[in-house]
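Summary of structural features
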Amino acid sequence: MCKSETPLVHAIETSGGKGMPRSYRDHSVVACNEEMLATREAYALQTGKNQQRRLDAFDTCRHRAWFVRHKDTGDLRVAAKSCKLRWCPLCSKKRSWFLVEQIKPWAQSVSRLKFFTLTLKHSDAPLHDQINNLYKFFQKYRKLKYLSDNIRGGVWFFQIKKSEKSGQWHPHLHCLIESNYMDREKLSQLWQRTTLGSMVVDIRKAGDSARITEYVGRYSARPSTLAELDLPGRVEVIEALHGRRLMGTWGTAKAITLTMKKPDDADKWEHVGYWSTVWGCLKSDINADKILHAWKTGEPLEAGYSMREIENFIDSKTERVLKEPPEHKQLYLFNNRELPI
Ligand SMILES: [Zn+2]
């Protein structure tokens, strides 16, 4: 999804010395600048009354960020104000981390876990109709006796690509399933009968925990890589998928939570410094050094290290109204181990 070798949308600006990302957003977009740009262009062509608000939210996603420390464990994270738009690459990434955490316990608890892929043959039908058909076929297919007798449950993810050769869409479903052995030839025949012509299915053992993490992480992040599509294709896919479910569960996987929610221990996380204050005071304030060290290494931060005092001081000198950090109870916390500097 993310390619780093392409030119940056915005060069990283520094205001506090070499190596200081001006904002958490600047720090975060480095890994996916091409996808950010492709998404921004497509969002800019959307219409509707909330269009400007949506663009503003996208452009400022993760700009405002602050470090938080867990009162009991000392763990350090970054919390940030995010746009939560479906196609925002930064928010997609966060969503996929959340989903990996939710899906893995189920995946590791079942024996005979498999990767199962169902594809539709290329067609010139409107994309909207192709997606409707895929979902309808999938529901019908799962109810067939051979499948319902052998599959106890699963998680499905919608994905879509466009053929470079023909320019036709290629919608498909990736599933993680708990099942008995099933014959690929038989599965293909049944899929062909259900879809009236599509016969490509793939089923294979899921492999180890790392492979499961990679699989869920990749397919749950976003249904398509927008940077691989031309602009009309991006606009078409965003509109065709608007308001649609892009993943789901059934059977033994039904209890998995797919909707992000605030952490159960949200009130345990305390503000220890804004992103800008901490980076701005690096190497001149022990608190900033300790906070960044903990964030980079994943080591706990000892109690008492905080930029609160200096933030209060700066605020009193500039006569700004001291605002409490945004209510991070309503926001999601980042896992610093996944954001190495
Ligand atoms: Zn976002």
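Residues numbered from 1 in each chain as written. Predicted model: local features only at pLDDT ≥ 70, side-chain atom pairs only at ≥ 80, totals over all residues. Heavy atoms only, no water.

Description of the sheet that holds strand 7 (residues 247-251)
What counts here: For two strands to be treated as a pair, DSSP must find no fewer than two bridges joining them. Going along the chain from the N terminus, every DSSP run of H or I of four or more residues is numbered as a helix, and every run of E of two or more is numbered as a strand. Whenever a helix is involved, its axis is fitted only over the stretch in contact; in every case the axis is a line through C-alpha atoms, and angles between N-to-C directions fall within 0 to 180 degrees.
In spatial order, the strands read 6-3-5-4-7; together these 5 strands make up an open sheet with antiparallel pairing. Taken across any chain shown, the strands that pair with only one partner, and hence form the sheet edges, are strand 6 (201-205) and strand 7. Across this sheet, the average inter-strand angle for adjacent strands is 20°, counted without regard to direction. By the bridge criterion, 7 bridges tie strand 3 (residues 113-119) to strand 5 (residues 169-179) in an arrangement that is antiparallel.

Some details on the pattern of salt bridges
The condition is simple: Salt bridges are defined by distance alone: a side-chain nitrogen of Lys or Arg within 4 Å of a carboxyl oxygen of Asp or Glu. Whether a residue is buried, partly exposed or exposed follows from its accessible area with a 1.4 Å probe, protein chains only, as a fraction of its type maximum: under 20%, in between, or over 50%, in that order.
This structure, assessed with the given rule, holds 10 salt bridges. The residue Lys 145 makes a salt bridge to Asp 149 at a minimum N-O spacing of 2.7 Å. Pair noted here: Lys 145 and Asp 149 are both in helix 6 (residues 145-150), with a separation of 4 residues, about one helical turn. Classification of Lys 145 by relative accessible area gives exposed; the value is 60%. Overall, Asp 149 belongs to the partly exposed group, its relative accessible area being 46%.

Quick look at the coordination of the zinc ion
When four donors bind a metal tetrahedrally, each ideal donor-metal-donor angle is 109.5 degrees, and when six bind octahedrally, the ideal angles are 90 or 180 degrees. Our working rule: Because water is not among the atoms used, a metal site may look incomplete, as its donors are only the N, O and S atoms within 2.8 Å, or 3.2 Å for Na, K and Ca.
Protein-derived coordination of the zinc ion comes from Cys 61 (SG), Cys 83 (SG), Cys 88 (SG) and Cys 91 (SG), at a distance range of 2.3 to 2.4 Å. All donor residues of the zinc ion come from one chain, and their arrangement in sequence is C-x21-C-x4-C-x2-C. By relative accessible area, Cys 83 is classed as buried at 14%.

Thoughts on the nonpolar core
Heads up, the condition is: Nonpolar core, defined: a set of buried Ala, Val, Leu, Ile, Met, Phe, Trp, Tyr and Cys residues in which side-chain atoms within 4.5 Å join the residues together. All domain edges in this entry derive from an automatic or database-based domain assignment. In this analysis, two residues are considered to be in contact whenever any of their non-hydrogen atoms come within 4.5 Å of each other.
Ranked by size, the top nonpolar core spans 49 residues in total, and within it Phe 116, Tyr 141, Phe 158 and Val 237 carry the most contacts. Residue contributions to this core peak at 7 residues, all from helix 5 (residues 127-143). Counting the residues that make up this core, at least three belong to each of domain 1 (24-91 + 268-338) and domain 2 (111-251). Apart from the residues lying within four places of it in its own chain, the contact partners of Tyr 141 are Phe 116, Leu 118, Leu 147, Leu 187, Leu 190, Trp 191, Thr 194 and Val 201.

Concerning helix 9 (residues 231-241)
As a reminder of what qualifies: We define a polar contact as two N or O atoms separated by no more than 3.5 Å, with the added condition that, inside protein, one atom must be a possible hydrogen donor and the other a possible acceptor, whereas residues neighbouring each other in sequence contribute only through side-chain atom pairs.
Turning to helix 9, its buried residues number three or more, namely Gly 233, Arg 234, Val 235, Val 237, Ile 238, Ala 240 and Leu 241. Packing partners of the buried residues in helix 9 comprise helix 2 (33-44), helix 5, strand 4 (151-162) and strand 5. Here helix 9 starts with a cap whose side-chain oxygen sits 2.8 Å from the backbone nitrogen of Gly 233, and that cap is Asp 230. Phi turns positive, to about 75°, at Gly 243, one or two residues after helix 9.

Points about the environment of Asp 202
In this structure, Asp 202 sits in strand 6. Its relative accessible area of 18% is what places Asp 202 among the buried residues. Counting along the chain gives 14 residues from Asp 202 to Ser 188, while the straight-line C-alpha distance between them is 8.3 Å. Once residues lying within four places of it in the same chain are set aside, the contact partners of Asp 202 are Phe 115, Phe 116, Thr 117 and Arg 184. Within the structure, the side chain of Asp 202 is placed 2.8 Å from the side chain of Arg 204, a separation counted as a polar contact.

Considerations on the confidence of the model for the chain
How we decide: For every residue, the pLDDT score states the predictor's confidence, bounded by 0 at the bottom and 100 at the top.
Model confidence for the chain is summarised by a mean pLDDT of 86, while 87% of its residues fall at 70 or above. Per-residue pLDDT stays below 50 along residues 1-17; that stretch engages in 25 contacts with residues further than four places along the chain or on separate chains. A low-confidence stretch, residues 326-341 (pLDDT under 50), is modelled with 57 contacts involving residues beyond four sequence positions or located in other chains.

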